[in-house]
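The chain contents come next:
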Amino acid sequence: MSFPKMMCSVSLGTLMVLGAAFFVMTDVSASGLHDVDLPLESSVPSDTLSQAERFAGEYRFVGGQREADGIDAAIEASADALSPMLRGLGRKKLKATNPVPKGMRIAVKGDALELTIDGKGFKAGLDGKPDSQKSSEGDAVKVSFKFRDGKLVQFIDGAKGDRHNYIRLSEDGNRLTMKVKVSSSHLPVPVEYKLTFKRK
């Protein structure tokens, strides 16, 4: 075999080997990408997600004047325990952060839950891990959700104080009862009251 023909044969063989390698690499790469694109297994137990779905929906406040008065009474009881110099300022702050609501919305988004009251609220994972966020007042807080004895509990904890919402859903799924507890190292007596909502 002449030298030019030998080189041509070698070149052709090399191209065939490289071509085969290219297709193998392409197949492996495509397989790897396919694996990455597969949905990851949820870190939240299925029963937790099922419980959250039961609470999901839009609700309107139906507590009326009685529960509105209950908020005022809880604020007064807490403010009265403050020193006279701080009482007026404390009462004003508590009234601003604990208004009578109009409605509530609970939405499940993947492994997370979003709870808003009159358009303001937080979204956090259902795994119970605290998530660092900013409140509507600009304060740094840690937000988490947990289920305890059938109740959905929202924890909003910050350096200035904590708010815990204990939410119970009626058996027919149409009514929510939320017990609110606002506490702080600056409040000798925490603010505690109840709110009732009905599904729209």
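Fair warning: this is a prediction, and the values are worked out from it, not measured in the lab. (Residues numbered from 1 in each chain as written. Predicted model: local features only at pLDDT ≥ 70, side-chain atom pairs only at ≥ 80, totals over all residues. Heavy atoms only, no water.)

K.L.:
Would you mind going over the overall build of the protein in detail, with residue names and values included?
P.N.:
Secondary structure assignment for the protein yields four helices and 10 strands. Helices and strands appear in the protein in the N-to-C order α-α-β-α-α-β-β-β-β-β-β-β-β-β. Across the 200 residues that make up the protein, the buried fraction comes to 32%. Accessible area for the protein stands at about 12,800 Å²; split by element, carbon and sulfur atoms hold 58% of it. (Helix = DSSP H or I, 4+ residues; strand = E, 2+ residues; numbered from the N terminus. Buried < 20%, exposed > 50% of the residue type's maximum accessible area, 1.4 Å probe, protein only. Areas by Shrake-Rupley, 256 points an atom, 1.4 Å probe, with all protein chains shown as cover.)

K.L.:
Lay out the sheet that holds strand β2 (residues 103-109) with the relevant residues and their values.
P.N.:
Strands in a sheet are paired, the pairing made by backbone hydrogen bonds, and the direction either parallel or antiparallel. The 10 strands are arranged β4-β3-β2-β1-β10-β9-β8-β7-β6-β5 in an open sheet whose pairing can be described as antiparallel. The strands lining the two open edges of the sheet, one partner per strand, are β4 (120-125) and β5 (131-134). Within the sheet, the average angular offset between the axes of one strand and its neighbour, ignoring direction, is 25 degrees. Strand direction decides the pairing type here: strand β8 (residues 161-169) and strand β9 (residues 175-183), joined by eight bridges, are antiparallel. (Pairing = 2+ DSSP bridges. Axes fitted to C-alpha atoms, helices over the stretch in contact; angles between N-to-C directions.)

K.L.:
Describe a positive patch on the surface, naming the residues involved and giving the relevant values.
P.N.:
A cluster of like positive charges, contributed by Arg66, Arg168, Lys179 and Lys194, occupies part of the molecular surface. Turning to its location among the elements, lysine 179 is positioned in strand β9. Residue class for lysine 179 comes out exposed when judged on its relative accessible area of 52%. (Patch = residues over 30% accessible without salt bridge, like charges linked within 9 Å, V, L, I, M, F, W, Y side chains within 5 Å. Salt bridge = Lys/Arg side-chain N within 4 Å of Asp/Glu carboxyl O. Lys, Arg positive; Asp, Glu negative; His and termini not counted. Charge placed at Lys NZ, Arg CZ, Asp CG, Glu CD.)

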